[in-house]
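# Fold and contact review
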Amino acid sequence: MANRMLKFVELERAMPEKRAIDTRRQDFGEIYEEYDAEAANAQASRCSQCGVPFCQVHCPLHNNIPDWLMLTAEGRLQEAYELSQATNNFPEICGRICPQDRLCEGNCVIEQAGHGTVTIGSVEKYITDTAWEKGWVQPVRPVSERQQSVGIIGAGPAGLAAAEQLRRKGYQAHVYDRYDRVGGLMIYGIPNFKLEKEVVERRSDLLRRSGVKFHLGSDIGGAASFADLRGRHDALLIATGVYKARDIRLPGAGLQNVFAAMDFLTASNRKGLGDAVPDFDDGILNAGGKNVVVIGGGDTAMDCVRTAVRQGARSVRCLYRRDRRNMPGSQREVANAEEEGVEFIWLSAPEAFLGDARVEAVRAQRVHLGMPDATGRQTPQVIEGSSFTLEADMVIKALGFDPEDLPQLFDTPGLEVTRWGTVKTDFTTLMTSLDGVFAAGDIVRGASLVVWAVRDGRDAAEQIHRYLQNQAAAAAVAAE
Ligand SMILES: Cc1cc2nc3c(=O)[nH]c(=O)nc-3n(C[C@H](O)[C@H](O)[C@H](O)COP(=O)(O)OP(=O)(O)OC[C@H]3O[C@@H](n4cnc5c(N)ncnc54)[C@H](O)[C@@H]3O)c2cc1C
Ligand code: SF4
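### Examining helix H13 (residues 261–272)
- Its 12 residues give H13 an end-to-end C-alpha distance of 17 Å, which sits within 8% of 16 Å, the value for a rise of 1.5 Å per residue.
- Listed in full, the buried residues belonging to H13 are Ala261, Met262, Phe264, Leu265, Thr266, Ala267, Ser268 and Asn269.
- Packed against the buried residues of H13 are helix H10 (185–188), helix H11 (197–209), strand E6 (258–260), helix H15 (299–310), strand E14 (394–397) and strand E15 (401–402).

### Remarks on the packing of helix H4 (residues 65–73) against helix H8 (residues 120–134)
- Orientation of H4 relative to H8, taken along the N-to-C sense of each, is 60°, at an axis distance of 11 Å. Put simply, H4 runs oblique to H8. Our pair here, H4 against H8, has a crossing hand that is left-handed. From H4, Ile65, Trp68, Leu69 and Thr72 reach across to H8, where they touch Ile120, Val123, Glu124 and Ile127.
- In terms of residue class, the contact of H4 with H8 is made up of 6 nonpolar, 1 polar and 1 charged.

### Looking at the pairing of strand E8 (residues 315–319)
- Burial of E8 is extensive: 5 of the 5 residues sit out of reach of the surface.
- Burial along E8 is two-sided: Ser315, Arg317 and Leu319 and Val316 and Cys318, pointing in opposite directions, are all buried.
- With 5 bridges connecting them, strand E7 (residues 291–295) and E8 associate as parallel partners. Of the residues in E8, the one forming a bridge with Asn291 is Ser315.
- Following the backbone out of E7, through H15 and into the adjacent parallel E8, one traces a crossover that is right-handed.
- Sheet topology places E8 next to strand E9 (residues 343–345); 3 bridges connect them, and they run parallel.

### Digging into the sheet that holds E8
- Strand order in this open sheet of 5 strands is E6-E14-E7-E8-E9, and the pairing throughout is parallel. The sheet terminates laterally at E6 and E9, the two strands that pair on one side only. On average, adjacent strands in this sheet sit at an angle of 25° to one another, irrespective of strand direction.
- Here E7 pairs with E14 via 4 bridges, running parallel. When the sheet's bridge partners are listed, Ile295 is paired in E14 with Lys397.
- Each of E7, E8, E9 and E14 is contacted by H15, which is oriented at about 170° to E8, the strand it contacts most.

### A short note on the site of ligand 1
- Asp177, Lys194, Ile220, Tyr243 and Asp303 are the nearest of the 35 residues found near ligand 1.
- One of the backbone nitrogen or oxygen atoms of Pro157 is found 3.3 Å away from an oxygen atom of ligand 1.
- Within the contact set of ligand 1, an oxygen atom lies 2.8 Å away from a side-chain nitrogen or oxygen of Lys194.
- The protein chains hide 98% of the 1000 Å² of surface that ligand 1 would expose on its own.
- Mapped onto the shell around ligand 1, the elements with two or more residues apiece are helix H9 (157–168), strand E2 (172–177), H15 and helix H19 (450–479).
- Across the shell around ligand 1, the residue classes tally to 19 nonpolar, 10 polar and 6 charged.

Cut-offs applied
Along each chain, numbering runs from 1 in the same order as the chain's sequence is written. Key to labels: chains lettered from A, ligands numbered from 1, both in the order written. It should be noted that, the model being predicted, local features are given only for residues of pLDDT at least 70 and side-chain atom pairs only at 80 or more, the latter also being counted only at that level, while totals for whole chains, interfaces and linings use all residues. The side-chain numbers reported here are obtained from all heavy atoms of the structure, hydrogens and water having been left aside. Per the convention used, a helix needs a DSSP run of H or I reaching at least four residues, while a strand needs a run of E reaching at least two, with both numbered from the N terminus. Take the residue count of a helix, subtract one, and multiply by 1.5 Å to get its expected span. Think of it in three bands: residues with accessible area under 20% of the maximum for their type are buried, residues over 50% are exposed, and the middle band is partly exposed, with areas taken using a 1.4 Å probe on protein chains only. Any pair of residues with heavy atoms lying within 4.5 Å of one another is described as a contacting pair. Helix axes are fitted only over the stretch in contact, all axes being lines through C-alpha atoms; the angle between N-to-C directions runs from 0 to 180 degrees. Reported orientations rely on four angle classes, namely roughly parallel under 35 degrees, roughly antiparallel over 145, roughly perpendicular from 65 to 115, and oblique for the rest. We call a crossing left-handed when the near helix sits turned anticlockwise from the far one by less than a right angle, and right-handed when that turn is clockwise. Under this grouping Gly is polar, as are all residues other than the nonpolar Ala, Val, Leu, Ile, Met, Phe, Trp, Tyr, Cys and Pro and the charged Asp, Glu, Lys and Arg. Only strands joined by at least two bridges in the DSSP assignment are considered to pair. By convention a crossover is right-handed if, when the strands point away from the viewer, the path from the first strand over the helix to the second runs clockwise. A molecule or strand has a residue near it when one of that residue's heavy atoms lies within 4 Å. Distance and chemistry together define a polar contact, namely a pair of N or O atoms within 3.5 Å, with one atom able to donate a hydrogen and the other to accept it when in protein, and with adjacent residues in sequence counting only for side-chain atoms on both sides. Here the accessible surface of atoms and residues is derived via Shrake-Rupley with a 1.4 Å probe, and residues count as covered only by protein chains that are part of the display.

What follows is the structure in structure tokens.
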């Protein structure tokens, strides 16, 4: 213990002076690469067509990656696009923001052999962006219209993928969202530098042209009732995501300029979309010129640090209680953030926020990783007497999200949830404990990824189709 303490005292002394961010810099690296035909062809040609498509297995949508790479390499781009969009409603979005290092690319056989992965995501993005340019992306035109209607609560990727799949089968799809725009976290959570908002908006326009009806500003459980919605449609899909920010109860948590991540990111995204955002314009939610401390180590924390850098923060530090190896965020994003000047302070946990009215500093403590807990993760343990202080004019809490209490919000106690508050669904039918009510996306699996939400939305649409066919058949029999 004494040795360990000594090591931390040395580490503390050795801690570098706060690094200033070069705010004149404009050439920040993004997480995806911009390809032209030559680059896409060169990458696609690297696929060895190995016959053991681990990339496809590890893609949640089981995209037929080897075949669309081969078609790209042969210059048959329209066919590549048709194949890629057959399993994915938003290939250009996944190509930009999937953590490919943990999914398809991390399992590429060439990567495993040490020669660097085929950059699958960037090729996927190139194929679909080209398809948009060439006019190959067209609205859904069902062969015949059905009278049955489905109400979808939530216009995030799970709800939108389900809506498009249901329109393909001719159902009337009505999407309700409390926000004023379509896209869920793709519009107000994920920053523009990772996913340009025009890319999300052209998808919402396409869905409108496909006959999906959007009811924006509809807060189900607030002004609009869940029971009314259930009465209005033949089936419902709950795709509301998870929005209750995890909080830290520490001295000084109520000081001014201590913000939740979504408040910071939403203000920044709204500003980028051209909305009036008084709290940003008067400087409160703008990191420009400030010493920013972000608490957390997930993808949301990475988005906060990188947004703060782009807003011109004087310094950006990220405080995380585990080490680099154990952080949940994408390693690629950490590397990008470091390159942009963000300083990571690993194995450290906040102890108090200091200041009079506004936050002026964060007092933190060193942590070491102890024995693994029931989940197998090593438990962070505070090292007594290891406190240190970081100057901060703005603190952003990015500690993850939990589900809202949906049975209470929807005034439907019969809606069963797990002990984590996520909605319980049957493994096969994806139906909740309420007849004709299905659920998909983060509200079922907890905070996850866009690609999984798309997968869940597609699966839910398939199960809703089966349910409605059975309902129609039963009604026909009863009428005889
Ligand atoms: C900051 C941030 C960055 C992320 N970055 C990435 C990334 O780079 N890559 C990636 O793959 N994933 C990322 N994710 C995760 C990804 O965004 C989510 O997993 C995905 O959006 C979940 O989709 P969803 O459709 O289930 O829910 P959401 O996208 O959350 O959409 C749910 C929708 O339901 C609406 N809603 C909720 N309650 C109600 C109600 N009562 N009435 C009406 N409407 C309601 C909400 O307004 C929202 O529009 C990120 C998440 C965050 C927070
Ligand atoms: S959807 Fe995501 S995981 Fe699947 S191929 Fe595309 S980038 Fe890879």
